Amino acid sequence: MASRDDIKFLSNPNIGKDNKKYCRFKKFGIKHIDYKDPDFLIQFVNPQGKLLPRRITGNSLKYQKKVAVAVKRARHLAMMPYVTDLLK
Amino acid sequence: MKQYEITFIIDPVLPGDEIQTVAKAYEKLVENEGCNIVHVDDMGLRQLAYPINKRNSGVYKSIEFQTPSGAVISKMELALRRDERIMRFLTVKLDKYGVKYNSDKRNGLIGKKPKTISDTPVEESKAPIEDLTIIEGIGPKIAKLLNTGGINSYSQLAASSSEAIKTILSKGGPSYMVHDPSTWPQQADLAAAGKWAELNTLKEKLIGGIQPSSSEEE
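The rules behind each value
- Residues numbered from 1 in each chain as written.
- Chains lettered and ligands numbered in written order.
- Predicted model: local features only at pLDDT ≥ 70, side-chain atom pairs only at ≥ 80, totals over all residues.
- Contact = placed C-beta atoms within 7 Å.
- Helix = DSSP H or I, 4+ residues; strand = E, 2+ residues; numbered from the N terminus.
- Nonpolar A, V, L, I, M, F, W, Y, C, P; charged D, E, K, R; others polar.
- Buried ≥ 20, exposed ≤ 12 C-beta atoms within 10 Å, placed from the backbone.
- pLDDT = per-residue confidence, 0-100.

Draft legend 1. Summary view of the interface of chain B and chain A. On the side of chain A, 14 residues touch chain B, which itself brings 14 residues to the contact. Within the residue set of the side of chain B that touches chain A, elements represented by two or more residues are strand E1 (2-10), strand E2 (36-52), strand E4 (86-94) and helix H3 (96-106) of chain B. Taken together, the residues that form the side of chain B that touches chain A break down as nine nonpolar, four polar and one charged.

Next up, the structure:
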C-alpha cells in the first residue's frame, strides 16, 4: 500500500536547501597551508592544474591568497604540475 | 630569531652516499653560520610533477632552522645555485603559524586525523561482514541498514528475531516498512550452517522473501 509517506520525491529535495559554501580554513581553524602537501592542494586546482576560483571553492579572500601562494610554491618544487591534463 | 625553511631537490642519479654527503654539507653550512637547526626533513625520492633537467624524480630535503640574522640565506642560496647536484631549491620564511604547523606535524598531530578515519574501516573489516544479500528479500540497501544496526553475519541475523529486524528496518524510513523479515532468520540459519543447497530450495519456495500463504512452515 502506497501511503503518503511512500510518495517521496515529486520534486528535487535538494532544491531550496541551504547548501551554502564556506571557507574550510576559517571553519576548521587551519592557519597554515603547507606547500609540501600536494595531496591537499590538489583540491584547489582543476584537472588542468589551474587554480580554482573562490566562487567554486568558497575560500575567503585571505586564505585563497595563501592557497595560491602554496600552489605556486608546490609547482616550483615540481610537487604539482604547471600545466597538465586529467589531473583529477 | 626568525625561522626559515629551505627545501631543495638533489639529483637522484648520484650514488646513494653522495646524496647524503650533499645534504650533510648544507646542514653544516647552516650550522657554521651560528644558526640553530630545528629539524631536517628527509622526504626521500619522489616523482617530479614535470621533468627538470631531463630527470623525472628527485631526492627532496628540507632544512628548518632559526637564525639571528638573515645573512645566511644569501650565502646558502648562492651555494645552492652554484651546485650542479641541486635541481631546485626554495627558501621560505615561516610565520608563527608555519612554525606551529611544522612542530605539530613532527609530533604527529597533523595528518593523524586521516589516519583515524582510515583506522575505523579497518576495524570494521576485521569483524566479518558477510554478504547478507544472498538471503531472499535482502538487497544491498537493506544489508547496509542491517550492518549499521549491528547485524554483520548470518549467525547474528539468525539469532535476531523478526521483530528486532523490523525495528532496524523502520529506522531506515517508511519505505522499508513493506519488507517482511519473518523468514530471514530461518534463511540466515541455513546460510550460517553452510547449507547452501537447502537455502536455495527454500529460496525457490519463497516469493520475495515471504512465505507463500498456502504452504505452512516446514
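Draft legend 2. Structural detail: helix H8 (residues 184-193) of chain B. Regarding H8 of chain B, the residues found buried are Trp184, Pro185, Gln187, Ala188, Leu190 and Ala191 of chain B. Once H8 of chain B ends, the next one or two residues include glycine 194 of chain B, with phi positive near 80 degrees.

Draft legend 3. Up close: the environment of glycine 98 of chain B. Residues and elements named next belong to chain B. Structurally, the position occupied by glycine 98 is in helix H3. For glycine 98, a count of 20 C-beta atoms within 10 Å gives the class buried. As a C-alpha pair, glycine 98 and tyrosine 4 span 94 residues in sequence and 9.7 Å in three-dimensional space.

Draft legend 4. Layout of the confidence of the model for chain B. Residues and elements named next belong to chain B. Summary statistics for chain B give a mean pLDDT of 79 and a share of 81% for residues scoring 70 or more. Long-range and interchain partners of residues 113-127, a stretch whose pLDDT sits below 50, account for one contact in this model, where long-range means more than four residues apart. With pLDDT under 50 throughout, residues 214-218 is counted as low confidence; its partners more than four residues away or in other chains account for one contact. Complex prediction metrics read pTM 0.61 and ipTM 0.78.

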